[in-house]
Amino acid sequence: MMANMGIAFAILGAALAACLAGAGSAIGVGIAGQAAAGVTTEDPAKFSKVLILQLLPGTQGIYGLLIAFLCLSNVGVIGTPVEISLAKGVMYFFACLPMAIAGLMSAIYQGKASVSCISMVAKRPDQFGKAMIFPAMVETYAILALLISLLAISGVGAINI
Amino acid sequence: MSESYTYAVARIRANELALFNDQTIEQLLAAKSYEECIRLLQDKGWGGMEANPTAESLLAEEREKTWALMRELVPDLSVFDVFLYTNDYHNLKAAIKLVCTGSEDFGLFISHGTVDHRELLHTVQERDWGSLPDPMRGPAEEAYNALAQTRDGQLCDIILDRAALDAVYTAGKASRDELIRKYAELTVASADIKTAVRCARTGKPVDFIRRALAECDSLSASRLAKAAAEGLDSICDLLATTDYADAVEVLRQSPSAFERWCDNLIIRYIRPQQFQSFGIGPLAAYILGRENEIKSVRIILSGKLNQLSDQSIRERVREMYV
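Residues numbered from 1 in each chain as written. Chains lettered and ligands numbered in written order. Predicted model: local features only at pLDDT ≥ 70, side-chain atom pairs only at ≥ 80, totals over all residues. Heavy atoms only, no water.

> Sorry if this is basic, but what is going on with the packing of helix H5 (residues 81-101) of chain B against helix H8 (residues 153-174) of chain B here?
Helix-helix packing is characterised by the crossing angle of the two axes and by the distance between the axes. All names here are of chain B. Running from amino to carboxyl end, H5 crosses H8 at an angle of 160°, the nearest separation of the two axes being 9 Å. The orientation of H5 with respect to H8, classified from their angle, is roughly antiparallel. Crossing hand, H5 versus H8: right-handed. Residues Val82, Tyr85, Thr86, Tyr89, Leu92, Lys93, Ile96 and Lys97 of H5 lie in contact with H8, whose contacting residues are Gly153, Cys156, Asp157, Leu160, Asp161, Ala163, Ala164, Ala167, Val168, Ala171 and Gly172. (Axes fitted to C-alpha atoms, helices over the stretch in contact; angles between N-to-C directions. Helix = DSSP H or I, 4+ residues; strand = E, 2+ residues; numbered from the N terminus. Parallel < 35°, antiparallel > 145°, perpendicular 65-115°, else oblique. Left-handed = near helix turned anticlockwise from the far one by under 90°. Contact = heavy atoms within 4.5 Å.)

Here it is, written out as structure tokens:
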């Protein structure tokens, strides 16, 4: 029983990375989509600009997927099966958490920032470049989480316990 | 939920582009005649299909456009009832006066209210007070009896004006939105000050003044009534100790300067809503901004029609929301 717990923890970590980051992106893209639809209703010419702003919170879902894929691949769920100890499984679990939690929160807040910037583009379309920067700043923290999860998963793979 | 009305607020943001700013108001003020002003407004997209609209039809059309947009955006318009109660009580007043004087002039009614003005007129004609909403019943019957029995139009007015303010204040207090709460507070306080000044100028007794003033948190109605009975200086002394200390200077200038100050106070308070992306606040602010715009255009058109000087019109024009 305990011998199988390692792989279970690793899969739980991968699932959380994919689910939470994906859920965050869905919420972020969803609220930005509502705002984008509002602006496009009044001025269809702004469609392309608001679409880009709407898509910005979608990246966390992709990062979560990447981490989940990498984790599943390292523990042998995808590809060649390998033996995973309980300690190693728990390590994979914690390695996935940064992406899961930071992905969820950053996507929601990036969605809110996108909504405000969509309003900004509605009033000042010439300021589209600046409007892109504000939600993009939130992306920094999702990238930092992605980086640490990537490094952690790679590092755990090299540990022999 | 704080993320509610996201679609609606985004549409409002796009619509705010069409609101008049100070430059547009200057353009209207620079128009040489009333007709030129109307043409300018039509060029800005005001009015409907009518080729030669009157000022009233143009303004009514714009008010209708605002509420048509709100009907699209907000599933339950009762959140904006606080803005409509004054129209309801105005219509009730008009209906009572029409019935008591036997006149048939329907031009006195305002189209937007929580109760249809035709229903109000029917209610007054039939004395069917029970069909009115709860808070309206008592004041309607009391005002009708006051006018029918004593022919005292002023008494009828103060009963209904006070009831309108009470309704606005109650609705404001019940609202979860800070902007609507503050709007109700400022509306009642400024109306109380206006009434107090008018009563002080006409030398009304303290009991009469107290009856006309509505209660609010930021201004004690009983202290204001007492000050009004003593005179304008006492009102100014009292106001100097309240949140409305800035009003003292304009009160001494003229009643129209004070009315302008009151409207500007609300506009300044709601202006930050332009930077809010969620909630009912930006929608409520848009309604108030549009009403303020319509009021300013009415002042300009009326000034142009009566050939008042630009300076005289400019003194009365309100600050714009955008």
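More follows now that the structure is in view.
> Just checking my understanding: could you explain the pattern of salt bridges for this structure?
Two side chains bearing opposite charge may form a pair once their charged atoms approach each other closely. Residues and elements named next belong to chain B. Scanning all chains against the criterion turns up 28 salt bridges over all chains. A salt bridge links Arg314 to Glu26; its shortest N-O distance comes to 2.7 Å. Remark: Glu26 occurs in helix H2 (residues 22-30) and Arg314 occurs in helix H16 (residues 310-316); sequence separation between them is 288 residues. A relative accessible area of 32% places Arg314 in the partly exposed class. Asp263 is paired through a salt bridge with Arg318; the nearest N and O atoms lie 2.7 Å apart. (Salt bridge = Lys/Arg side-chain N within 4 Å of Asp/Glu carboxyl O. Buried < 20%, exposed > 50% of the residue type's maximum accessible area, 1.4 Å probe, protein only.)

> Help me understand the confidence of the model for chain B in this model?
Low pLDDT means the predicted coordinates in that region are not meant to be read closely. With 98% of its residues at a pLDDT of at least 70, chain B reaches an overall mean of 91. Mean pLDDT in chain B bottoms out at H16 of chain B, which sits at 88, and peaks at helix H1 (residues 6-16) of chain B, which reaches 96. (pLDDT = per-residue confidence, 0-100.)

> Even after reading the chapter, I still don't get the interface of chain A and chain B, so can you show me in this structure?
By a widely used convention, the size of an interface equals the accessible area lost when the partners come together. On the side of chain B, 15 residues touch chain A, which itself brings 15 residues to the contact. Overall, the association of chain A and chain B removes approximately 1,300 Å² of surface from exposure, summing both partners, and the carbon and sulfur fraction of that is 62%. The interface formed by chain A and chain B includes 2 salt bridges. Between Lys123 of chain A and Glu16 of chain B there is a salt bridge, and its shortest N-O distance comes to 2.7 Å. One can count 6 residue pairs in polar contact (both at pLDDT 80 or more) joining chain A with chain B. Only helix H1 (2-42) and helix H4 (86-123) of chain A provide two or more residues apiece to the side of chain A that touches chain B. A total of 8 residues in the side of chain A that touches chain B trace back to one element, the largest contributor, which is H1 of chain A. Grouping the amino acids of the side of chain A that touches chain B by side-chain chemistry returns 6 nonpolar, 5 polar and 4 charged. (Buried area = accessible area lost by both parts, 1.4 Å probe. Polar contact = N/O pair within 3.5 Å; in protein donor to acceptor, adjacent residues only side chain to side chain. Nonpolar A, V, L, I, M, F, W, Y, C, P; charged D, E, K, R; others polar.)

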